[in-house]
Amino acid sequence: GERVCVELKDGLEVSGIVDSVQISDMSLLLGKAQQRWIEGRRRGQVGPDLEIVLIAGARIRFVHFPNKLNLDAELRRWHNRRNKAAFSRNYIVNRPKADQLSTQRRQQSDS
């Protein structure tokens with residue numbers, strides 16, 4: 001995972017290492033997170049460091065990615081891994097066809 005900075009709608013900024021992303025609602029799981037208020041009456045204050053934090057997608061205003069991260073390449077790699085996983089889950093390799101199964105069953109019942 002890469003270290004990202006996440007701006008929340010309530011003026012809090014959380015930076016941490018991306019552990020996972022929930023695609024359905026864009027929730028982020030960050031490890032080794034640090035908090036800092038960037039807006040409001042708590043502006044400039046620093047919150048406690050957190051070992052892990054789950055941020056609901058509805059609370060996120062903006063995600064800052066590091067400049068060194070090639071986001072296009074990372075997304076392509078992720079997409080390819082996801083498609084391969086879905087393919088292997090949905091298709092069983094070397095499964096017998098229906099006509100082969102019926103032939104095997106007939107042979108077993110005849111013997």
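Below, the structure is looked at part by part.

Procedures and definitions
- Residues numbered from 1 in each chain as written.
- Predicted model: local features only at pLDDT ≥ 70, side-chain atom pairs only at ≥ 80, totals over all residues.
- Heavy atoms only, no water.
- Helix = DSSP H or I, 4+ residues; strand = E, 2+ residues; numbered from the N terminus.
- Buried < 20%, exposed > 50% of the residue type's maximum accessible area, 1.4 Å probe, protein only.
- Contact = heavy atoms within 4.5 Å.
- Areas by Shrake-Rupley, 256 points an atom, 1.4 Å probe, with all protein chains shown as cover.
- Salt bridge = Lys/Arg side-chain N within 4 Å of Asp/Glu carboxyl O.
- Pairing = 2+ DSSP bridges.
- Axes fitted to C-alpha atoms, helices over the stretch in contact; angles between N-to-C directions.

## Details of the overall build of the protein chain
Looking only at helices and strands, the protein chain has two helices and five strands in total. Beginning at the N terminus, the succession of helices and strands in the protein chain can be written as β-β-β-β-β-α-α. In the protein chain, which comprises 111 residues, the share counted as buried stands at 23%. Intrachain contacts of the protein chain at a sequence separation of at least 6 include 44% that bridge at least 24 residues. Put simply, the protein chain shows about 8,800 Å² of open surface, and 51% of that area lies on carbon and sulfur atoms.

## Digging into the pattern of salt bridges
Under the counting rule described, the total for this entry stands at four salt bridges. Salt-bridge contacts for R61 lead to E7; the nearest nitrogen and oxygen are separated by 3.8 Å. Highlighted residues: R61 in strand β5 (residues 60-64) and E7 in strand β1 (residues 3-8), separated in sequence by 54 residues. In this structure, the salt-bridge partner of R36 is E13, at a minimum N-O distance of 2.5 Å. A residue pair is termed long-range when its members are at least 10 positions apart, and R36 in strand β3 (residues 27-37) and E13 in strand β2 (residues 12-22) qualify at 23 residues. The buried category is assigned to E13, whose relative accessible area is 13%. It is possible to trace a salt-bridge network through shared partners that takes in E7, E39 and R61.

## Observations regarding the environment of L29
Looking at the secondary structure, you find L29 in strand β3. Its relative accessible area of 25% is what places L29 among the partly exposed residues. In contact with L29, not counting residues within four places along its chain, are I17, V18, D19, S20, I52, V53 and L54.

## Looking at the sheet that holds β5
The strand order across the open sheet formed by five strands is β4-β3-β2-β1-β5, and the pairing between neighbours is antiparallel. The open sheet terminates on both sides in strands that have one partner only, identified here as β4 (50-55) and β5. Strand-to-strand twist of the sheet, defined as the mean angle between neighbouring strand axes without regard to direction, takes the value 40°. Inspection of the sheet shows β1 paired to β5 by four bridges, in the antiparallel sense. Among the inter-strand pairings, C5 is bridged to a residue of β5, identified as H64.

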